[in-house]
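# Tertiary structure, described
Below are the chains, spelled out letter by letter.
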Amino acid sequence: MIRKALVCGTAAVFLLCGLAGASFAEVNKGPETITLTATGSAKPKPATFPHKKHQETLKCAECHHGMQDGKQVPYTEGMEIGKCESCHNPEKLAGKTKGALKLDTLKGAGHGNCLECHKAMVAKDPALKEKKLDKCTTCHAK
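Here is a short report on the structure shown in this document. Since the model is a prediction, treat every value here as computed from it, not as a measurement.

Reading guide: rules and limits
Residues numbered from 1 in each chain as written. Predicted model: local features only at pLDDT ≥ 70, side-chain atom pairs only at ≥ 80, totals over all residues. Heavy atoms only, no water. Patch = residues over 30% accessible without salt bridge, like charges linked within 9 Å, V, L, I, M, F, W, Y side chains within 5 Å. Areas by Shrake-Rupley, 256 points an atom, 1.4 Å probe, with all protein chains shown as cover. Salt bridge = Lys/Arg side-chain N within 4 Å of Asp/Glu carboxyl O. Lys, Arg positive; Asp, Glu negative; His and termini not counted. Charge placed at Lys NZ, Arg CZ, Asp CG, Glu CD. Buried < 20%, exposed > 50% of the residue type's maximum accessible area, 1.4 Å probe, protein only. Helix = DSSP H or I, 4+ residues; strand = E, 2+ residues; numbered from the N terminus. Expected span 1.5 Å × (residues − 1). Pairing = 2+ DSSP bridges. Disulfide = S-S within 2.5 Å. Contact = heavy atoms within 4.5 Å.

Turning next to a positive patch on the surface. Together, Lys 119, Lys 132, Lys 135 and Lys 142 line one region of the surface with positive charge. On the basis of relative accessible area, Lys 119 is assigned to the partly exposed category, the value being 48%.

In structure tokens form, the structure reads like this:
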């Protein structure tokens, strides 16, 4: 009888630890929705970013990255994820561009990463064109 109680108790502890670990992992995945607003902008146009929805189809490294010695480094599991503007600003990335887009602004970085991805997805899937995934109002509410 005591043996059964110990086995059941041990199983319950493992189950609770597993559930707690799983819920803790979900908490660390970031907010469900993020509102991106450039600080210091005369006419800010906030972008609503459905973070959780993107996590369903993309890997973290497809959007997130770090910076070391002034250069972009790929995201690795467990890397601290800060606000985009902590690096995408004129002090840290003065004059850096990606094509026609300025990487030293949140707007330029967002359009370079998000808009390019949206356009590529629309090119692959015509149904997304009907949803206007590649239009400004997808992220910027009127």
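Inspection of the entire model under this criterion finds two salt bridges. In this structure, Glu 116 engages Lys 98 in a salt bridge whose closest nitrogen and oxygen atoms are separated by 3.4 Å. Of this pair, Glu 116 sits in helix 4 (residues 106-124) while Lys 98 sits in strand 5 (residues 97-98); the two residues are 18 residues apart in sequence, bridging distant segments of the chain. Looking at Glu 116, the relative accessible area reads 39%, which means it is partly exposed. Lys 129 is the salt-bridge partner of Asp 134, the closest N and O atoms lying 3.5 Å from each other. On the basis of relative accessibility, which here comes to 15%, the residue Asp 134 falls in the buried class.

Even without glycine at this site, Lys 132 takes up a positive phi of about 60 degrees. Examined against the element boundaries, Lys 132 turns out to sit in the segment after helix 5 (126-130).

Our next topic: helix 4. With 19 residues, helix 4 extends 27 Å from end C-alpha to end C-alpha; this agrees with the ideal 27 Å at 1.5 Å per step. Residues of helix 4 that are buried include every one of Leu 106, Gly 108, Ala 109, Gly 112, His 118 and Val 122, and no others.

Glancing now at the pairing of strand 3 (residues 65-68). Inspection of the sheet shows strand 3 paired to strand 4 (residues 71-74) by four bridges, in the antiparallel sense. Paired with His 65 across the two strands is Pro 74, which belongs to strand 4. What sits between strand 3 and strand 4 in their antiparallel hairpin is a turn of two residues, with Asp 69 showing a positive phi close to 55 degrees.

Inspection of every chain in the model, using the stated rule, returns zero disulfides. Cys 63 supplies the cysteine sulfur nearest to Cys 60, a cysteine that is in no disulfide, at a spacing of 8.6 Å. No disulfide involves Cys 117; its nearest neighbouring cysteine sulfur is the one of Cys 63, lying 6.6 Å away. Judged by its relative accessible area of 30%, Cys 117 is partly exposed.

We now examine the side chain of Asp 134. Tracing the sequence through the fold places Asp 134 in the segment after helix 5. Ignoring sequence-local partners within four residues, the contact set of Asp 134 consists of Leu 115, His 118, Lys 119, Val 122 and Lys 129.

Okay, the environment of Met 67 next. In this structure, Met 67 sits in strand 3. Measuring from C-alpha to C-alpha, the distance between Met 67 and Lys 92 comes to 9.9 Å, with 25 residues separating the pair along the chain. Residue contacts for Met 67: discarding those within four places in its chain leaves Val 73, Cys 87, Lys 92 and Leu 93.

This paragraph deals with the environment of Cys 117. Of note, Cys 117 is situated in helix 4. For the pair Cys 117 and Asp 134, spaced 17 residues apart in the sequence, the C-alpha separation amounts to 8.8 Å.

Within the secondary structure, Asn 113 sits in helix 4. Considered as a pair, Asn 113 and Leu 103 are 10 residues apart in the sequence and their alpha carbons are 9.9 Å apart. For Asn 113, the contacting residues outside a window of four places in its chain are Glu 62 and Cys 63.

That is the geometry; function is a separate question.
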